[in-house]
Amino acid sequence: MSHRTLTAAVVAVTALLVLPATAITKDTITMSGSTSVYPLAVGLAKSYVKAFPDRASFKILQGGTDIGINDVSKGRVTIGLASRDPEDADPGGLVFNKVARDGVCVITNNKNKIRTLSATQIQNIFTGKIRSWSKVPGAKVKGAISLFTRTASSGTADAFQNIFLGTNKRIASNTPAKASNGLMRQTVSSNKNAIGFVSLDFLQGVNAVGYAGVSCTLRNSKSGQYKGVRNFWMVTRGKADGAAATYLDWVQKSEAARKVVSSRWIALK
Amino acid sequence: MADSTTGASASAQPGRASRRWSDARAEPVLAGISALVLAIIGAMVIFVLVSAWPSFAHNGLGWFGSGGGPVDEQLRAIQRSPAEPSNYVYELHAWPLLFGTLLTTGLALIFGLIFSLLSAVFIVEFAPPPLRRLLEPIVRLLAAVPSVIYGLIGILALGPLLDGLISEQRKEEVIFVVPLSGLNLTLATLILTIMITPIMIAIIVNALRSVPRSWTEGAAALGVNRWRTIWKISVRAARPAIIAAAVLATARALGEAIMLSMVSGSFGFAPNPLDGFSFFFEPVRPLAATIIDNAEALSVKPLGQTIYAFAAVLLVSSAMLSFAGWAAKQPMKKYAGRV
Amino acid sequence: MSTAGAAAPRAPAPPLRTRPRDTSASWPLLDRIGLAFCWAAGIALCVIAATILIYMAIKGVQYLRPELLFSRPEVAVDQSGTGGFLDPLAGTLLIVTVAMAIALPLGLVVAVWLTEYGRPLGLARAVEAGVEIIAGTPSIVLAIFGLIVFQESFFGFLSFEAAGGSVFGRSFLTAGATMSLIALPLVVGATREALQAVPNHLREASFALGKTRISTIRRVLLPAVRPGIATGTVLGAGRVIGDTAIIVVLLGATARLEAGDGPTGIDTLRGTGSTLTSYVYNNSPVGEGNAPEKAYAAACVLLLIAILLNSLVTRIAKGRRGGAAWIT
């Protein structure tokens with residue numbers, strides 16, 4: 001290829017790469033954070049793009065609630081996904097927008113179909129006081145309890161801590177930690193001695209244990225009978241503006257969004 | 001004559017003279033692009049070390065030691081540290097992770113070297129020709145298998161096998177301290193050995209074959225049997241290549257993240273040889289696997305910097321390895337054969 | 001003297017010894033034990049390779065169906081429903097293309113400069129050492145280095161900028177650029193070896209005819225070492241296809257190819273996606289896909305591609321020994 005055509009080609013390719021970045025295209029809204037909110041965020045994004053194809057495109061990552069909050073406070077993403085309420089230790093300047101409510105279920109393997117556990121039993125198991133299934137009435141397996149929890153950035157772990165254990169009890173140290181709801185479900189479904197906790201949306205293939213006699217289902221959570229319910233938030237740095245504001249408005253107020261939320265989560269009134 | 005040829009070429013392609021690159025122009029351009037490679041490495045080393053510095057600065061030499069509780073708890077504390085930079089928690093004693101890396105890499109290297117040497121000697125000398133024709137593609141095949149596939153087979157097929165070897169009772173006994181399972185040190189070392197062996201075999205076979213035939217034939221003429229010839233002469237002559245192979249294999253073993261994160265148990269723990277039989281079933285989590293397990297947290301300040309610290313340790317180790325390999329080869333340069 | 005005296009029978013000539021005298025039966029015990037270990041190692045190699053191949057073949061036959069190859073994956077965390085891995089397959093091909101498009105020219109330039117020029121000597125040694133250091137660096141370290149670099153706002157054109165002004169940093173272009181570093185040492189090594197094997201009289205003949213050095217390289221040497229370059233390229237492609245760490249960190253882990261902004265073609269390159277390797281990782285028990293059968297199927301396809309590339313290398317290398325005889 002001759003010298004001049006080569007230079008022309010390089011200039012053309014560079015222009016193709018650079019120009020679109022400056023052209024007027026649709027906004028990209030990036031989100032990261034809670035693995036529990038992730039399926040909801042994906043569903044809402046799909047519905048939004050179907051309703052308004054030209055307004056925005058979405059990129060949604062996971063990582064855990066704390067990572068989402070950190071990312072949004074540093075401006076790395078537009079919206080952070082959180083599955084726990086705001087804490088004092090969170091960075092300043094963040095606005096939490098509630099978008100849904102969700103239930104947290106204790107889960108066991110399908111070979112160990114425990115119908116319900118009391119609050120004390122759950123506390124004793126997760127703090128490590130009870131270590132063997134033989135000490136748990138209703139257990140269908142024998143042997144050591146394989147306890148699993150979530151990694152530090154998880155909002156579900158915080159919600160579980162607050163709702164089921166209270167403020168002065170902690171999950172036993174040295175408990176293996178899983179990085180997402182999906183991984184927790186995977187682990188419990190393949191280990192017959194396992195017990196853990198997940199968001200309501202992740203119950204396929206595992207046994208959901210009832211809490212104090214009430215089984216953990218979407219219906220019971222919506223009606224308020226099941227007590228293990230927590231909030232989902234979409235977090236922005238300061239008040240949302242631009243494409244993010246339009247989107248959040250749609251999520252919190254439109255009927256289409258409400259339909260998406262009620263399908264597998266609890267819609268806000 | 002020369003005049004007419006240059007004259008002919010100049011007139012045959014009138015515009016070409018301006019498009020022909022002279023060496024004076026080409027050489028600096030090529031050198032500049034090659035120097036780009038250096039710039040990339042320099043940038044990488046600087047970026048990683050600078051990002052990792054706070055973690056080392058806060059911990060000092062204790063970073064490499066043990067203590068402070070289970071290392072996973074320390075990582076959790078780092079991740080939960082408050083948002084103000086002045087309140088970041090950095091405390092980390094990474095010995096369990098370092099020990100896990102040393103154990104898996106070291107054991108895999110030892111077993112791999114023995115296995116590769118024996119196999120290479122077999123391929124070069126003792127294999128019957130049909131078997132030799134089969135073995136060479138096999139070695140190339142094993143080298144080409146991607147690491148996810150090794151990890152997949154390990155976690156889905158071999159893990160449950162190993163899991164059956166520990167008794168439920170033993171698991172219950174130690175559940176306070178560490179979860180024993182089929183994904184453990186043994187499985188990690190086994191698969192890592194299989195992964196690094198083909199590279200070493202290929203290099204050693206090459207080197208054994210390039211030992212001058214006069215040497216081996218001279219030994220045969222003196223009545224030395226084939227086994228002793230190959231060990232005392234060919235393998236000794238191939239020592240630089242064996243070292244090069246070992247360095248390459250160790251670098252590969254150090255950097256193996258995906259396969260180890262799948263099969264090594266994902267629990268930061270320093271296996272204790274004094275535990276007896278359980279030692280073989282204790283989980284580990286080498287440095288590279290820790291990095292990839294926490295890869296989403298790279299942007300969160302204190303944990304991100306700790307992860308860069310792990311990467312810095314890996315980077316410095318592989319650089320030192322290359323240097324050590326080069327240094328070890330120097331005294332052996334007097335032997336013939338490819339170095 | 002007379003033939004009548006030949007009536008006395010002569011013993012037949014002893015048979016010529018064509019087999020080597022040295023059999024292992026005559027060796028000392030230690031040597032025989034060593035030989036047994038050698039045989040054990042060789043057999044173990046065969047057994048291991050056979051086990052891997054047969055196991056993957058069985059699982060592949062069990063789980064691989066044509067519709068998996070041609071249908072797109074579900075956009076959901078749980079992959080155990082319907083959906084195949086067409087997008088990851090396309091992603092693998094895309095990554096290899098981008099990575100080799102960068103590694104091949106860069107590798108050629110470096111190899112040519114090192115072999116043909118190589119002055120100043122300090123710079124040449126430094127570049128050699130540099131390529132070796134890249135070869136020895138773990139791919140996970142390269143991946144997080146790539147993430148730092150490509151999240152700078154200067155590189156926004158390689159991925160895309162979010163509404164908050166931050167650069168996403170994860171796309172096919174960024175992952176491909178980092179992957180090219182993995183393939184670079186292989187291309188450089190193979191090309192250098194091939195160039196060093198070209199005898200000097202070829203270069204000298206070219207200079208005698210009045211061609212400049214750069215012209216010789218372009219018109220004479222590079223065409224002559226095409227098999228070597230091809231070997232290096234295929235080796236590099238094989239490594240790129242098998243690497244997962246860089247993909248997990250730098251490709252954004254979306255189940256389908258999600259395009260960014262720009263005209264068609266460029267938008268896919270600036271977008272995120274997945275490859276076969278990250279698909280297998282995600283669907284194995286350490287990922288959330290919850291679909292080990294699909295992981296097996298994808299792993300089977302991946303293994304087939306790797307074997308194919310590998311045999312390609314062998315064919316090219318063999319061809320080199322056979323052809324280009326005019327060069328020696």
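Residues numbered from 1 in each chain as written. Chains lettered and ligands numbered in written order. Predicted model: local features only at pLDDT ≥ 70, side-chain atom pairs only at ≥ 80, totals over all residues. Heavy atoms only, no water.

### Section: the domain arrangement of chain A
Residues and elements named next belong to chain A.
Okay, so step 1: Under the domain assignment used here, chain A contains domain 1 (8–101 + 232–264) and domain 2 (103–229).
Okay, so step 2: The C-alpha centroid of domain 2 is placed 30 Å from the C-alpha centroid of domain 1.
Okay, so step 3: With 15 residues of domain 1 at the interface, the matching set in domain 2 holds 17 residues.
Okay, so step 4: Summed over both partners, the interface of domain 1 with domain 2 buries about 1,100 Å², with 44% contributed by carbon and sulfur atoms.
Okay, so step 5: Where domain 1 packs against domain 2, one counts 2 salt bridges.
Okay, so step 6: Notably, a salt bridge pairs D201 with R264, separated by 2.8 Å at the nearest N-O pair.
Okay, so step 7: The interface formed by domain 1 and domain 2 includes 9 residue pairs in polar contact (both at pLDDT 80 or more).
Okay, so step 8: Sorting the residues of the side of domain 1 that touches domain 2 by element identifies helix 3 (65–73) and helix 9 (255–264) as the ones contributing at least two each.
Okay, so step 9: Residues belonging to the side of domain 1 that touches domain 2 are distributed by class as follows: 2 nonpolar, 8 polar and 5 charged. (Domains from an automatic or database assignment. Contact = heavy atoms within 4.5 Å. Buried area = accessible area lost by both parts, 1.4 Å probe. Salt bridge = Lys/Arg side-chain N within 4 Å of Asp/Glu carboxyl O. Polar contact = N/O pair within 3.5 Å; in protein donor to acceptor, adjacent residues only side chain to side chain. Helix = DSSP H or I, 4+ residues; strand = E, 2+ residues; numbered from the N terminus. Nonpolar A, V, L, I, M, F, W, Y, C, P; charged D, E, K, R; others polar.)

### Describing the pattern of salt bridges
All names here are of chain A.
Okay, so step 1: Enumeration over the complete set of coordinates arrives at 15 salt bridges over all chains.
Okay, so step 2: D66 is the salt-bridge partner of R84, the closest N and O atoms lying 2.8 Å from each other. Placement of the pair is R84 in the loop between strand 3 (79–82) and strand 4 (94–108) and D66 in helix 3, with a sequence separation of 18 residues. Here R84 matches D66 in class, with each residue buried.
Okay, so step 3: As a salt-bridge pair, D90 and R84 come within 3.0 Å of each other at their nearest N and O atoms.
Okay, so step 4: What makes R84 buried here is its relative accessible area of 4%.
Okay, so step 5: Each of D66, R84, E87, D90 and D158 takes part in one network of salt bridges that share partners. (Buried < 20%, exposed > 50% of the residue type's maximum accessible area, 1.4 Å probe, protein only.)

### Some points on the pairing of strand 10 (residues 207–211) of chain A
Residue and element names in this part refer to chain A.
Okay, so step 1: When you tally the buried positions in strand 10, you get 4 out of 5 residues, the bulk of the element.
Okay, so step 2: Bridge count between strand 4 and strand 10: 3 bridges; the pairing is antiparallel. Bridge pairing in strand 10 places V106 opposite V209.
Okay, so step 3: Summarising the sheet, strand 5 (residues 116–117) and strand 10 pair through 2 bridges and their orientation is parallel. Note on strand 10: the bridge partner recorded for L117 is Y211. (Pairing = 2+ DSSP bridges.)

### Things to note about helix 7 (residues 147–163) of chain B
Okay, so step 1: For helix 7 of chain B, the principal kink sits at I155 of chain B and spans about 40°.
Okay, so step 2: If you check which residues of helix 7 of chain B are buried, you get S147, V148, I149, Y150, G151, L152, I153, G154, I155, G159 and L162 of chain B. (Bend = angle between axes of the 7 residues up to and from the residue.)

### Let's talk about helix 3 (residues 23–59) of chain B
Residues and elements named next belong to chain B.
Okay, so step 1: The end-to-end C-alpha distance of helix 3 is 54 Å, a good match for the 54 Å that 37 residues give at a rise of 1.5 Å each.
Okay, so step 2: Of all the bends in helix 3, the greatest reaches close to 40° and is centred on W53; the proline P54 follows between one and four positions later.
Okay, so step 3: One or two steps after helix 3, the chain reaches G60, where phi turns positive at roughly 60°. (Expected span 1.5 Å × (residues − 1).)

### Description of the interface of chain C and chain B
Okay, so step 1: Taken together, the 72 residues of chain C in the interface contact 66 residues of chain B.
Okay, so step 2: Buried area between chain C and chain B, summed over both chains or domains, comes out near 6,400 Å², and the portion from carbon and sulfur atoms is 82%.
Okay, so step 3: Taken together, the links from chain C to chain B amount to 1 salt bridge.
Okay, so step 4: With a closest N to O distance of 3.0 Å, D31 of chain C and R228 of chain B form a salt bridge.
Okay, so step 5: At the junction of chain C with chain B, the criterion picks out 4 residue pairs in polar contact (both at pLDDT 80 or more).
Okay, so step 6: At 17 residues, helix 1 (residues 29–63) of chain C tops the list of elements feeding residues into the side of chain C that touches chain B.

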